[in-house]
Amino acid sequence: MEIAFIRLTSQCNAKCEMCSVWQRKPEFFSIEGIIKLLSSLKEMGINKIIFTGGEPTLYSEFSRLNKYLSDNCIEFGVITNGSVLVNRWNKIFKYIEPKFVVFSLDGADRDYHDRNRKIDNLTNKVIEGINFAVQKDVKVIINTVITKDNFRLIEEFASADFMKYIIEWHWIPVKFVPRLLLSIKQWQELFKSYKKIKKENKKLNIISPFDFIENEIAFTKFAKGNYTSKFYNKHSCYISKNMIFIDNNGDVFRCNACDYNLKKDVYFGNINVKEAKEIINEAKDNILDKPKCAHCDPRNQLFNREEKIYEGWFN
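Every value quoted in this text rests on a predicted model; they were computed, and no experiment measured them.

**Q** I'd love a proper account of the overall build of the chain, names of residues and values included.
**A** What the chain contains, in helices and strands, is 13 helices and 10 strands. Whereas a compact globule of 315 residues would reach a radius of gyration of roughly 20 Å, the chain reaches 19 Å, a difference of no more than 12%. Each principal axis of the C-alpha distribution contributes one length, and for the chain these read about 50 × 45 × 35 Å. Taking all 315 residues of the chain together, the buried fraction comes to 56%. Summarising the internal contacts of the chain: among those between residues at least 6 apart in sequence, 70% fall at separations of at least 24. Accessible surface, the chain: about 13900 Å² in total, of which carbon and sulfur atoms supply 47%.

What follows is the structure, encoded as structure tokens:
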């Protein structure tokens with residue numbers, strides 16, 4: 001196991017319809033708690049960390065955390081909505097900068113993205129953040145949540161000037177919000193856009209559910225919210241051999257996108273109750289046989305195919 005996803009905080013300044021994290025009680029790791037956890041992880045050989053939230057750049061102790069990361073040669077990346085990143089960069093990354101930044105961006109259309117995330121001028125701030133990170137020689141990745149409201153914006157999005165700097169573009173289907181699910185015909189329409197974009201821009205590395213479809217029946221499953229299609233009918237989940245997800249309340253899960261309908265199979269314990277090293281040692285050799293997860297993100301399916309896409313983020 002090499003990588004840990006850690007939710008630093010559930011606090012967020014966005015109120016996205018397709019996300020429930022901001023609706024949770026705004027909990028966060030204490031600086032003592034996160035340093036203790038990182039120390040345990042480093043002893044186990046896990047020194048590559050991905051911080052998520054909520055909005056991790058709002059974490060009040062990030063400056064002290066950053067110094068610890070620097071002093072202990074721990075590489076990290078952050079997943080952010082980009083709203084305050086540029087303004088806070090020099091403060092929170094004073095001692096060591098991230099290897100990569102993953103920006104949430106649902107379209108280059110400013111009206112749509114700002115309205116969707118409910119933060120004024122957010123699209124401009126994300127684009128500014130992308131250009132800023134590139135100037136800092138920090139890798140940039142984009143997460144796009146695909147909904148019925150933005151799938152027709154994808155081709156325009158792909159042609160945006162800043163996309164030439166993106167090392168990966170993740171198309172993540174919306175989860176748990178029936179109103180936003182695409183119909184079968186809409187999935188088929190998006191698939192045509194996908195093939196067109198791939199043909200016109202071979203350098204744009206898109207990671208999407210379309211990497212795993214086996215036939216047209218898959219679109220029916222997509223429309224019902226089963227984005228994994230037939231993948232886990234044939235493949236087991238090995239992801240906890242390579243990564244682990246630790247929530248800000250101390251819960252340890254198999255991955256950052258696990259299906260909570262399978263909680264008994266994806267939940268390993270709580271670091272406030274049991275030592276982190278003990279939990280993770282028990283988890284790292286746990287293989288979930290053909291779990292039938294309905295909502296596995298495409299990037300995690302790639303990781304389960306042992307292509308280990310996260311390694312490229314840190315190299």
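**Q** Tell me about the pairing of strand 2 (residues 48-52), residues and numbers included.
**A** Among the five residues that make up strand 2, five are buried, leaving the element largely enclosed by the rest of the structure. Of the two faces of strand 2, the one holding Lys48, Ile50 and Thr52 and the one holding Ile49 and Phe51 are both buried throughout. When strand 1 (residues 3-7) meets strand 2, the two strands line up parallel, connected through five bridges. Pairing of Ala4 across the sheet is with Ile49, part of strand 2. For the crossover that starts at strand 1, traverses helix 1 (residues 31-43) and ends in the parallel strand 2, the hand is right-handed.

**Q** Describe the sheet that holds strand 6 (residues 168-173), naming the residues involved and giving the relevant values.
**A** Taken together, 10 strands build an open sheet; the order of strands is 7-6-5-4-3-2-1-8-9-10 and the sheet is mixed. Strands with a single pairing partner mark the edges of an open sheet, and in this sheet they are strand 7 (206-207) and strand 10 (267-270). Examined bridge by bridge, strand 6 and strand 7 share two bridges and lie parallel to one another. Residue Trp169 lies in a different strand from strand 7, and its bridge partner there is Ile206. Packed on one face of the sheet, helix 1 meets strand 1, strand 2 and strand 8 (243-246) and runs near 170° to strand 1.

**Q** Which residues make up the environment of Asn226, and what values go with them?
**A** Relative to the assigned elements, Asn226 resides in the loop between helix 8 (217-223) and helix 9 (231-234). Once the C-alpha coordinates of Asn226 and Ile127 are considered, the two residues, 99 residues apart in sequence, prove to be 32 Å apart. Sequence-distant contacts of Asn226, that is, excluding residues within four places in its chain, are made with Lys221, Cys293 and Ala294.

**Q** Describe the packing of helix 4 (residues 110-117) against helix 5 (residues 122-135), naming the residues involved and giving the relevant values.
**A** Packed helices, taken two at a time, are described by the angle between their axes plus the distance between the axes. Contact pair helix 4 / helix 5: the axes reach a minimum separation of 7 Å and the direction vectors enclose 105°. The orientation of helix 4 with respect to helix 5, classified from their angle, is roughly perpendicular. When helix 4 is examined against helix 5, the residues Arg110, His113, Asp114 and Arg117 are found in contact with a partner set consisting of Leu122, Thr123, Asn124, Val126 and Ile127. Along the lines of polarity and charge, the residues of the contact of helix 4 with helix 5 split into three nonpolar, three polar and three charged.

**Q** Now, about unusual backbone geometry: what can you tell me, with residues and values included?
**A** With omega at 20°, the peptide bond leading from Gly53 into Gly54 counts as cis. On the secondary structure map, Gly54 appears in the loop between strand 2 and helix 2 (62-71). Although it is not a glycine, Lys118 sits at a positive phi angle of roughly 60°. Tracing the sequence through the fold places Lys118 in the loop between helix 4 and helix 5. Positive phi values are uncommon outside glycine, yet Lys290 reaches one of about 40°. Within the secondary structure, Lys290 sits in the loop between helix 11 (276-283) and helix 12 (298-304). Residue Lys290 is classed as partly exposed on the basis of its relative accessible area of 34%.

**Q** Tell me about the environment of Cys255, and name the residues and values.
**A** When you line up the elements, Cys255 lands in the loop between strand 9 (251-253) and helix 10 (263-266). As a C-alpha pair, Cys255 and Met243 span 12 residues in sequence and 6.8 Å in three-dimensional space. Other than its neighbours up to four places away in sequence, Cys255 contacts Ile239, Met243, Phe245 and Asn300.

**Q** Outline the packing of helix 1 against helix 2, supporting the account with residue identities and numerical values.
**A** In the contact formed by helix 1 and helix 2, the axes pass within 10 Å of each other and the chain directions differ by 20°. What the angle tells us is that helix 1 and helix 2 run roughly parallel. Seen along the crossing, helix 1 lies across helix 2 with a hand that is right-handed. Across from Ile31, Glu32, Ile34, Ile35, Leu38 and Ser39 in helix 1, the residues of helix 2 making contact are Arg64, Leu65, Tyr68 and Leu69.

Criteria and thresholds
Residues numbered from 1 in each chain as written. Predicted model: local features only at pLDDT ≥ 70, side-chain atom pairs only at ≥ 80, totals over all residues. Heavy atoms only, no water. Helix = DSSP H or I, 4+ residues; strand = E, 2+ residues; numbered from the N terminus. Rg over C-alpha atoms; globule rule 2.2 N^0.38 Å. Buried < 20%, exposed > 50% of the residue type's maximum accessible area, 1.4 Å probe, protein only. Contact = heavy atoms within 4.5 Å. Areas by Shrake-Rupley, 256 points an atom, 1.4 Å probe, with all protein chains shown as cover. Pairing = 2+ DSSP bridges. Right-handed = clockwise from strand over helix to strand, strands pointing away. Axes fitted to C-alpha atoms, helices over the stretch in contact; angles between N-to-C directions. Parallel < 35°, antiparallel > 145°, perpendicular 65-115°, else oblique. Nonpolar A, V, L, I, M, F, W, Y, C, P; charged D, E, K, R; others polar. Left-handed = near helix turned anticlockwise from the far one by under 90°.

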